[in-house]
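# Summary of structural features
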Amino acid sequence: MTAAADTHDVFNQPAPLADYNLFDTNRALRDALNFNAPALQIATLHALGETIGSTEMQTHARLANIHTPQLHTHDRFGRRIDEVEFHPSYHVLMRAAVGAGLHGTPWSGTSASPHVLRAAGFMLFTELEPSVLCPISMSYAVTPALRSNPLIHVEWGPKLASLWYDPALKSFKDKPGVTMGMGMTEKQGGSDVRANTTRAVRAGSDAWGERYEITGHKWFFSAPMCDAFLVLAQAPAGLSCFFLPRVLPDGERNAIHIQRLKDKLGNKANASSEVEFHGAGAWLVGEEGRGIPQILEMGTMTRLDCALGTSGLMRQALSLALNHTSQRSAFGKPLIEQPLMKNVLADLALESEAATALAIRLARTFDHPGDAHERLMSRLLTPVAKFWICKRGSHFAQEAMECLGGNGYVEEGGEGVMARVYREMPLNSIWEGAGNIMAIDLLRGLRKGDAAAALAHELAPARGQHAALDRLIDALPSRVEAMATEFEARRLAQDVALAVQAVLLSQTAPAAVTDAFCASRLGGDWGHAFGTLGGGADFDAIIARALPRV
Ligand SMILES: Cc1cc2nc3c(=O)[nH]c(=O)nc-3n(C[C@H](O)[C@H](O)[C@H](O)COP(=O)(O)OP(=O)(O)OC[C@H]3O[C@@H](n4cnc5c(N)ncnc54)[C@H](O)[C@@H]3O)c2cc1C
């Protein structure tokens, strides 16, 4: 046997990107926070950035993705148990996310901008491992909807906000902290949930209100080890929203049978499942027959997380590309110094910063529910950000991967983090309303309040910054007022996203970033691939701002 050292030296291969502070080095995020929540206490983000940038946590992320969840439908004596077993590293990640308050804490928080604070933490954590953020996101998102059953919310709300993670499958009464999921999608339809066939039959009332028995199935039921779920089912008055615990208040396991786990493209550490309900006990949340608007209060928050999550993944992919190209040389100099690579990296940096700016702006709307303008922006920007940021994600990841050359495409037992990012990217675009559904939802949102005036107000601060942006600011409110047809809905969602992103950058980023963004995305000085910015862009300034290591 010949050792590698006997045949050649290994050189010109980059050191991995590890042991650095993800928050301190993310200037785009820090500037977005400064703009949207100037008084924010960022000490916790600094600490989180240090923890999740560590080699130790990266190892847990790798292990949780290699040793994927295992379903045990029965014990060895043939009794149903319906349990999913995770690698210990999964629990380490969950404990870290819950401990950082990325689940329900904003709803009971005392900080002035709890949703922005949590959004920044969520975005950062995505760079470590996005799969565990599925149950974390749903546990965050559920509160606005769950409040419609105050009897349940009063008991579960504090535990959803607790910083304790307890993975055990037992009564919520015996747990210091709980997690929640959601079940809408069935085999015959996910976008059109009116087609749900799962049935709910009344079974009396008790301390949690109107009790039902649920029979049917869910085709996608992510994180089935959560302590409870909001699900949709057909009740006598129509499709309704129900609270469905895994363990009933008397300690018995609810009749939720996990059929199998999904074999997914990415998101490997998360146990997305298919389930059947066999007369499972559930309690009404909100009014019977009003299930869709009720559960969409949860969907709105998970859509925010799709935008935040993809922004985090973009930042991660960009950081990996910058780390690689600054250490790898070709044709006599580091790749990062080659003019065309500069164009690619700078273009990716613009996209990443614009995504961060828009996602954090959207998070801010949820900190001000009493403000009419913020409420309208929340309604408009949720589908816009979910549509546009997530739509850009896969293209972005492919281009960032290409910066690593062949190394980018290699999994190598989970060490190939870029491959993991690439496989994760399409998910946020599909789940919780795929692209078309988001664009159509924007049209629906435009009918609420004076959307055109609200948008004009939002865009006004950037007037005079760039000729192309001025043209869009002039045109967009009347396009919004005129209401696009469904044929044009994606184009409208895209243009609203680009306009808001440009306006935000003009208020948070250096001129090099704003000018290049406006010239390319709004002014037409751009091609159809990343790396096609006009030659006049200040590539060095844009790249220097984005570097993950200073
Ligand atoms: C990993 C993963 C985890 C998931 N976890 C959950 C979960 O925990 N709970 C849950 O309830 N669901 C979950 N989902 C399901 C997800 O939300 C749905 O897959 C998604 O909403 C799309 O529904 P569908 O798959 O039935 O596709 P369809 O509804 O059949 O849609 C297919 C395509 O048609 C488009 N389309 C639909 N209607 C229209 C229209 N009127 N005009 C134009 N285009 C249209 C859609 O945009 C989409 O591109 C998960 C999905 C994945 C991949």
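Please refer to the structure placed before this passage.
Residues numbered from 1 in each chain as written. Predicted model: local features only at pLDDT ≥ 70, side-chain atom pairs only at ≥ 80, totals over all residues. Heavy atoms only, no water.

### Some details on the overall build of the chain
- Of the regular secondary structure elements, the chain holds 20 helices and 11 strands.
- Taking 24 Å as the expected radius of gyration for a compact globule of 550 residues, we find that the chain reaches 24 Å, a close match to that expectation.
- For the chain, the spread of C-alpha atoms along the principal axes amounts to about 75 × 75 × 40 Å.
- Relative to its full complement of 550 residues, the chain shows a buried share of 58%.
- Intrachain contacts of the chain at a sequence separation of at least 6 include 73% that bridge at least 24 residues.
- Carbon and sulfur atoms provide 54% of the accessible area of the chain, an area that totals close to 21800 Å². (Helix = DSSP H or I, 4+ residues; strand = E, 2+ residues; numbered from the N terminus. Rg over C-alpha atoms; globule rule 2.2 N^0.38 Å. Buried < 20%, exposed > 50% of the residue type's maximum accessible area, 1.4 Å probe, protein only. Contact = heavy atoms within 4.5 Å. Areas by Shrake-Rupley, 256 points an atom, 1.4 Å probe, with all protein chains shown as cover.)

### Overview of the packing of aromatic side chains
- Counting across every chain of the model gives 14 aromatic pairs.
- Taken together, a centroid distance of 5.0 Å and an interplanar angle of 80° make the contact between W208 and W283 edge-to-face. A residue pair is termed long-range when its members are at least 10 positions apart, and W208 in the loop between β4 (199-206) and β5 (209-221) and W283 in strand β9 (residues 273-285) qualify at 75 residues. Of the two residues, W208 and W283, neither departs from the other in class, the shared state being buried.
- A cation sits over an aromatic face here: R118 above Y140, 3.5 Å from the ring centre.
- Looking at K262, its charged tip hangs above the ring of W219, at a distance of 3.3 Å from the centre. (Phe/Tyr/Trp six-rings, centres within 6.5 Å; stacked < 30°, edge-to-face > 60°. Lys NZ or Arg CZ within 6 Å of the ring centre and 35° of its normal.)

### Digging into the side chain of S137
- Relative to the helices and strands, S137 is located in helix α7 (residues 133-141).
- Here S137 is in contact with R118, F122, T302 and D305, once residues within four sequence places are set aside.

### Examining the site of the ligand
- Taken together, 21 residues surround the ligand, and among them M184, T185, G190, S191 and S222 come closest.
- Contacts to the ligand include T185, whose side-chain N or O atom sits 2.8 Å from a nitrogen atom.
- In isolation the ligand exposes 980 Å². Once the protein is present, 66% of that is buried.
- Of all the elements in the fold, those that place two or more residues in the shell around the ligand are β3 (180-183), β5, α14 (417-430) and α15 (435-446).
- Classifying every residue of the shell around the ligand gives 10 nonpolar, nine polar and two charged. (Near = heavy atom within 4 Å. Polar contact = N/O pair within 3.5 Å; in protein donor to acceptor, adjacent residues only side chain to side chain. Nonpolar A, V, L, I, M, F, W, Y, C, P; charged D, E, K, R; others polar.)

### Topic: helix α17 (residues 467-482)
- Look at α17: 23 Å from first C-alpha to last across 16 residues, which is about the 22 Å you get at 1.5 Å a residue.
- Taken together, the buried residues of α17 touch α15, α16 (451-459), α18 (489-508) and α19 (511-522).
- Immediately downstream of α17, the backbone of M483 shows phi near 60°, a positive value. (Expected span 1.5 Å × (residues − 1).)

### Concerning the side chain of Q316
- The residue Q316 is located in helix α10 (residues 291-327) in this model.
- Among the polar contacts listed, one links the side chain of Q316 to the backbone oxygen of E127, at a separation of 2.9 Å.
- Those residues in contact with Q316, other than ones at most four positions away along the chain, are T126, E127, V417 and V421.

### A closer look at the pattern of salt bridges
- Throughout the structure, instances matching the rule amount to 28 salt bridges.
- Between R545 and D31 there is a salt bridge, with its nearest N and O atoms 2.8 Å apart. Linking R545 in helix α20 (residues 539-546) with D31 in helix α2 (residues 27-36), this pair joins segments that are 514 residues apart in sequence.
- A relative accessible area of 9% places R545 in the buried class.
- One salt bridge in this structure joins R253 and E83, with 2.7 Å as the shortest N-O distance. Residue R253 is found in the loop between β7 (238-245) and β8 (256-261), and its partner E83 is found in strand β2 (residues 80-85); the two are separated by 170 residues along the sequence.
- Accessibility expressed as a relative area gives 25% for E83, which makes it partly exposed.
- One network of salt bridges, in which partners are shared, links R303, R379, D441 and R444. (Salt bridge = Lys/Arg side-chain N within 4 Å of Asp/Glu carboxyl O.)

### Re the pairing of β7
- Among the eight residues that make up β7, eight are buried, leaving the element largely enclosed by the rest of the structure.
- In this sheet, β7 lies alongside strand β6 (residues 228-235) in antiparallel orientation, the contact comprising eight bridges. Within β7, the position partnered with Q234 by the bridge is L239.
- In this antiparallel pair of consecutive strands, β6 and β7, the connection spans two residues. (Pairing = 2+ DSSP bridges.)

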